[in-house]
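Spelled out from the first residue to the last, the chains are:
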Amino acid sequence: MSDNNSNDNIILKVEGLKKVFGDHVVLENINTTVKKGEVIAIIGPSGCGKSTFLRSLNLLEKPTEGHIYFHGTDITDKNVNINKLREKIGMVFQHFNLFPNMTVKKNIMLAPVQLKLMNEEEANKKALELLERVGLSDKADTYPNMLSGGQKQRVAIARAMAMNPDVMLFDEPTSALDPEMVGEVLGIIKELAESGMTMLIVTHEMGFAKEVANRCMFFADTKIMEENTPKELFENPQTPRLQDFLSKVL
Ligand code: ADP
Ligand code: MG
């Protein structure tokens, strides 16, 4: 345990993160700090380690080297309670990962009830509030397979929010959606951002990144190759690597 980073405004601090799969170095010497309320967009070519980076932040991937501090506590320390950590770090995946055998409302209630953070009544109330927030009040008793992709992802966001996380990680939350559903999901994420939620979003939606993020990181060749405000990053790319990437995606 370390408390040398216990500045209240710093939620996450990454120091010298390295991740290797076999002999493949995916990330090396990643350093960054995430402050409360920041909205960080992560962009970069396929396979450059964006998901690995995000997954490292809640130890879905174990760093090969380096340290990650969450509210000042080194989560790479073997004594850290990973489940407690994950309660405070919400994650939303490309493929929703809803439980198909449970209603929408039960999906949202499950974790807080199982972890005894809320009783059934509190979790029920919270689930209904969150469903209203994501515009799905009428779907509480529906099963996930009856929902569109966009609706499923809105439920997945509500489910992550049910734990009152300190930070939300979104890994390409709209990549699996039909184009007409992208907007409704981005709209919910934007509202969350505007409500002050700290978030990191891996996305290919450059317009969204520019509109919503305070900071944008470009990952390539195992590192954060450029990091800036989205406007600067998109309008004034410094490296040939980013110039090339932007010429393909913008
Ligand atoms: P991105 O999200 O930027 O597309 P990823 O983080 O998913 O990239 O993957 C980065 C690299 O690490 C890719 O080459 C991928 O094949 C590899 N990789 C990811 N997860 C694993 C794993 N569990 N085992 C081996 N290689 C992996
Ligand atoms: Mg990925």
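This text follows the structure it describes.
Predicted model, so just to flag it, every value in this text is computed and none were measured.

**Considerations on the sheet that holds strand S2 (residues 24-35)**
The four strands lie next to each other as S2-S1-S4-S5, forming an open sheet whose pairing is antiparallel. The open sheet is flanked by S2 and strand S5 (73-74), the only strands paired with a single partner. Relative to strand S4 (residues 65-70), strand S1 (residues 10-21) is paired through five bridges, and the arrangement is antiparallel. Bridged to lysine 13 within S4 is tyrosine 69. Docked against the sheet, helix H1 (residues 50-57) engages S1, S2 and S4, running at close to 125° with respect to S1.

**Quick word on the packing of helix H5 (residues 149-161) against helix H6 (residues 179-194)**
Where H5 contacts H6, the two axes come as close as 8 Å, and the packing angle between them is 20°. Put simply, H5 runs roughly parallel to H6. Two packed elements cross with a definite hand, and for H5 against H6 that hand is right-handed. Across the interface between the two elements, Gly149, Gly150, Gln151, Gln153, Arg154, Ile157 and Met161 of H5 pack against Met181, Glu184, Val185, Ile188, Ile189 and Leu192 of H6. In terms of residue class, the contact of H5 with H6 is built from seven nonpolar, four polar and two charged.

Rules and cut-offs
Residues numbered from 1 in each chain as written. Chains lettered and ligands numbered in written order. Predicted model: local features only at pLDDT ≥ 70, side-chain atom pairs only at ≥ 80, totals over all residues. Heavy atoms only, no water. Pairing = 2+ DSSP bridges. Helix = DSSP H or I, 4+ residues; strand = E, 2+ residues; numbered from the N terminus. Contact = heavy atoms within 4.5 Å. Axes fitted to C-alpha atoms, helices over the stretch in contact; angles between N-to-C directions. Parallel < 35°, antiparallel > 145°, perpendicular 65-115°, else oblique. Left-handed = near helix turned anticlockwise from the far one by under 90°. Nonpolar A, V, L, I, M, F, W, Y, C, P; charged D, E, K, R; others polar.

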